[in-house]
Amino acid sequence: MDMEAFELNAEKRTAKGRAENRRLRRNGRVPAIIYGGNGEPVMLTLEHNDLDHHLDNEAFFSHIIKIHVDGGSTEEVVLRDLQRHPAKPFIEHADFLRIVAGEALRMSVPLHFVGEEECPGVADEDGVVQHNMNDIEIECLPRNLPEYIEVDCSKLHLHDSVHLSELVLPEGVQIVELMGDEEDQTDRTVVSVQVPRAAIELEAEEEAEAEAAAAEEAEAEDAEDGESEGDEADDASGEDEDK
């Protein structure tokens, strides 16, 4: 699982506040900060289009990034948070976490699902694959950080599933939800093969129609029984009058 290298150029900033951030954005810059690790927080600005270009690559969100700061220093970081404009395609702020060699870090990495189309549950049993999770939080040393975790679906039958504990992890990588004492662990379902929703809805509709038809038939039978009892009562009344 070779990881592509990501690098960004940045400039330090000293001024802060909403007015300064608006000025930076108007000039095509993104306010950012690097924090954590063994150093002090560093306020930066990044070129908007350069950062936006990197964000098109899924691996950028779970990769060690080298930020070259004007003045000659280079920081190794991971992207921790990103703020986007709620209505426009603009990045408003970026937070980066400084990494330290030999110190474990926690990151969310994407899941890549393989073998979905050829799995028996889909190919032979008319099921559909249902993703319950799209990423997972892991803990590992920076050198072991994977770009993604692969989920093999190729052997799944209808109603089969894959849980967190069944994922094949790279060396040195742990799933956060499975760490600690057993009672604290959450072995969630990652993916499963289920009957298509349309088939379930059709079956439910057919059952509802059958129940409605049965209810109508029962009502009709009750009505007929009522009429028969009424006729018998009329006959009996007529016989009494004749007497």
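A short tour of the structure in this document, coming up. Remember, predicted model here, so these are calculated numbers, not experimental data.

## Some remarks on the overall build of the protein
Piece 1. Per the secondary structure count, the protein includes 4 helices and 13 strands.
Piece 2. Here the protein, with 243 residues, has 31% of them falling under the buried criterion.
Piece 3. In the protein, the share of contacts with a sequence separation of at least 24, taken over all contacts with a separation of at least 6, comes to 68%.
Piece 4. Here the protein has roughly 15,300 Å² of accessible surface; of this, 44% comes from carbon and sulfur atoms.

## Focus on the packing of aromatic side chains
Think of a pair of aromatic rings as described by two things: how far the centres are apart, and how the planes are tilted against each other in angle.
Piece 1. On inspection of all chains with the given rule, the structure shows 2 aromatic pairs.
Piece 2. Consider the rings of Phe6 and Phe60, whose centres lie 5.2 Å apart with planes at 85°: the pair is edge-to-face. Here Phe6 is found in strand 1 (residues 6-12), whereas its partner Phe60 is found in the loop between helix 2 (48-55) and strand 4 (65-69), with 54 residues between them in sequence.
Piece 3. Residue classification places Phe6 among the buried residues on the basis of a relative accessible area of 3%.
Piece 4. Measuring from ring centre to ring centre gives 6.5 Å for Phe60 and Phe61, while their planes differ by 85°; the resulting arrangement is edge-to-face.
Piece 5. Overall, Phe60 belongs to the buried group, its relative accessible area being 0%.
Piece 6. Three or more aromatic residues joined by ring pairs make a cluster, and in this case those are Phe6, Phe60 and Phe61.

## Digging into the side chain of Arg29
Piece 1. Relative to the assigned elements, Arg29 resides in strand 2 (residues 29-35).
Piece 2. Apart from the residues within four sequence positions on either side, Arg29 is in contact with Glu11, Leu24, Thr45, Leu46, Glu47 and His48.

## Some words on the nonpolar core
Piece 1. With 26 residues, the main nonpolar core has Leu111, Ile136, Val151, Leu167 and Val190 as its most contacted residues.
Piece 2. At the level of elements, strand 7 (105-114), strand 9 (135-140), strand 10 (149-152) and strand 13 (189-194) are the ones that each hand at least two residues to this core.
Piece 3. A per-element tally of this core places strand 7 first, with 5 residues.
Piece 4. Sequence-distant contacts of Leu111, defined by excluding residues within four places in its chain, comprise Met133, Asn134, Asp135, Ile136, Ile149, Val151, Leu167 and Val190.

## Re the state of the cysteines
Two cysteines, two sulfur atoms, one covalent bond between them: this is a disulfide.
Piece 1. Applying the stated criterion across every chain yields a total of 0 disulfides.
Piece 2. For Cys119, which is in no disulfide, the shortest distance to another cysteine sulfur is to Cys153 and amounts to 6.7 Å.
Piece 3. Classification of Cys119 by relative accessible area gives buried; the value is 0%.

## Some details on the pairing of strand 6 (residues 91-98)
Piece 1. Across the 8 residues of strand 6, 7 count as buried, placing the element largely inside the fold.
Piece 2. Pairing of strand 2 with strand 6, which is carried by 4 bridges, proceeds in the parallel orientation. Within strand 6, the position partnered with Ile33 by the bridge is Asp95.
Piece 3. Note: strand 5 (residues 74-84) against strand 6, 7 bridges, orientation antiparallel. By the bridge assignment for strand 6, Leu82 is matched with Ala94.
Piece 4. Counting the residues that bridge the hairpin from strand 5 to strand 6 gives 6 residues.

Rules used throughout
Residues numbered from 1 in each chain as written. Predicted model: local features only at pLDDT ≥ 70, side-chain atom pairs only at ≥ 80, totals over all residues. Heavy atoms only, no water. Helix = DSSP H or I, 4+ residues; strand = E, 2+ residues; numbered from the N terminus. Buried < 20%, exposed > 50% of the residue type's maximum accessible area, 1.4 Å probe, protein only. Contact = heavy atoms within 4.5 Å. Areas by Shrake-Rupley, 256 points an atom, 1.4 Å probe, with all protein chains shown as cover. Phe/Tyr/Trp six-rings, centres within 6.5 Å; stacked < 30°, edge-to-face > 60°. Core = buried A, V, L, I, M, F, W, Y, C linked by side-chain atoms within 4.5 Å. Disulfide = S-S within 2.5 Å. Pairing = 2+ DSSP bridges.

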